[in-house]
Amino acid sequence: RNYGNRGSGNIMATKVTVKSIKPMYKKAMSRYEDNASRFVDRVGLFFVGSVKRAMQQTPQNITGRSLKGNAPAIDTGLLVNSISYKRISSLEGKVFTNVEYAEYLEMNLDRPFMSKHSVPYINTTRKAQSIAKMIGDV
């Protein structure tokens with residue numbers, strides 16, 4: 001409000017009253033949590049797709065086996081079809097396989113497909129970093 005001339009000069013004042021930010025805060029937090037939850041799902045499903053593509057496109061030797069340092073080649077389809085995503089909580093999900101020989105392929109035969117050293121993991125990390133800023137778009 002402008003209170004005009006009072007005494008020796010102009011005095012300007014503004015009055016602000018905050019009644020409650022709770023309704024806006026709750027709405028913003030709800031949107032933020034929804035965005036974060038969608039982000040978790042998006043990244044998890046992107047990782048699943050990346051793992052499966054890596055297995056489909058892996059370089060193979062003459063016998064049809066993948067070359068060391070690359071994702072395992074698809075033989076029976078059991079492993080590739082077992083790669084799954086599951087949401088654990090609103091802000092946590094996991095990508096997993098229940099195939100017993102998966103860890104052996106990764107660790108003993110140097111066929112990385114889900115570990116931190118695999119191309120799908122590295123690509124998913126980059127993707128997650130590039131889209132993380134969207135969580136705050138409320």
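Residues numbered from 1 in each chain as written. Predicted model: local features only at pLDDT ≥ 70, side-chain atom pairs only at ≥ 80, totals over all residues. Heavy atoms only, no water.

Chemist: I would appreciate a short explanation of helix α4 (residues 119–131) in the present structure.
Modeler: An α-helical turn contains 3.6 residues, so a residue and the one three or four places further along point in the same direction. For α4, with 13 residues, the first-to-last C-alpha span of 18 Å sits near the 18 Å given by 1.5 Å per residue. Buried within α4 are the following residues: Pro120, Thr124, Ala128 and Ile131. Looking straight down α4, one finds that the buried residues subtend no more than 75 degrees of arc, so they occupy a single side. The exposed residues of α4 that point more than 90 degrees off its buried face are Val119, Arg126 and Gln129. Summarising the contacts, the buried residues of α4 are in contact with α1 (22–56). Taking the backbone nitrogen of Tyr121 as reference, a side-chain oxygen 3.2 Å away marks Ser118 as the first, capping residue of α4. (Helix = DSSP H or I, 4+ residues; strand = E, 2+ residues; numbered from the N terminus. Expected span 1.5 Å × (residues − 1). Buried < 20%, exposed > 50% of the residue type's maximum accessible area, 1.4 Å probe, protein only. Arc of directions from axis to C-beta. Contact = heavy atoms within 4.5 Å. Polar contact = N/O pair within 3.5 Å; in protein donor to acceptor, adjacent residues only side chain to side chain.)

Chemist: I keep staring at the pairing of strand β4 (residues 92–96) and nothing clicks. Help me out?
Modeler: Two faces belong to every sheet, and in a regular strand the side chains alternate between them. Bridge analysis of strand β3 (residues 84–89) against β4 gives five bridges, and the strand direction is antiparallel. Bridging across to β4, Lys86 finds its partner in Lys94. Here β3 hands over to β4 after two residues, the two strands then running antiparallel side by side. (Pairing = 2+ DSSP bridges.)

By themselves, these are just geometric observations and shouldn't be taken as functional.
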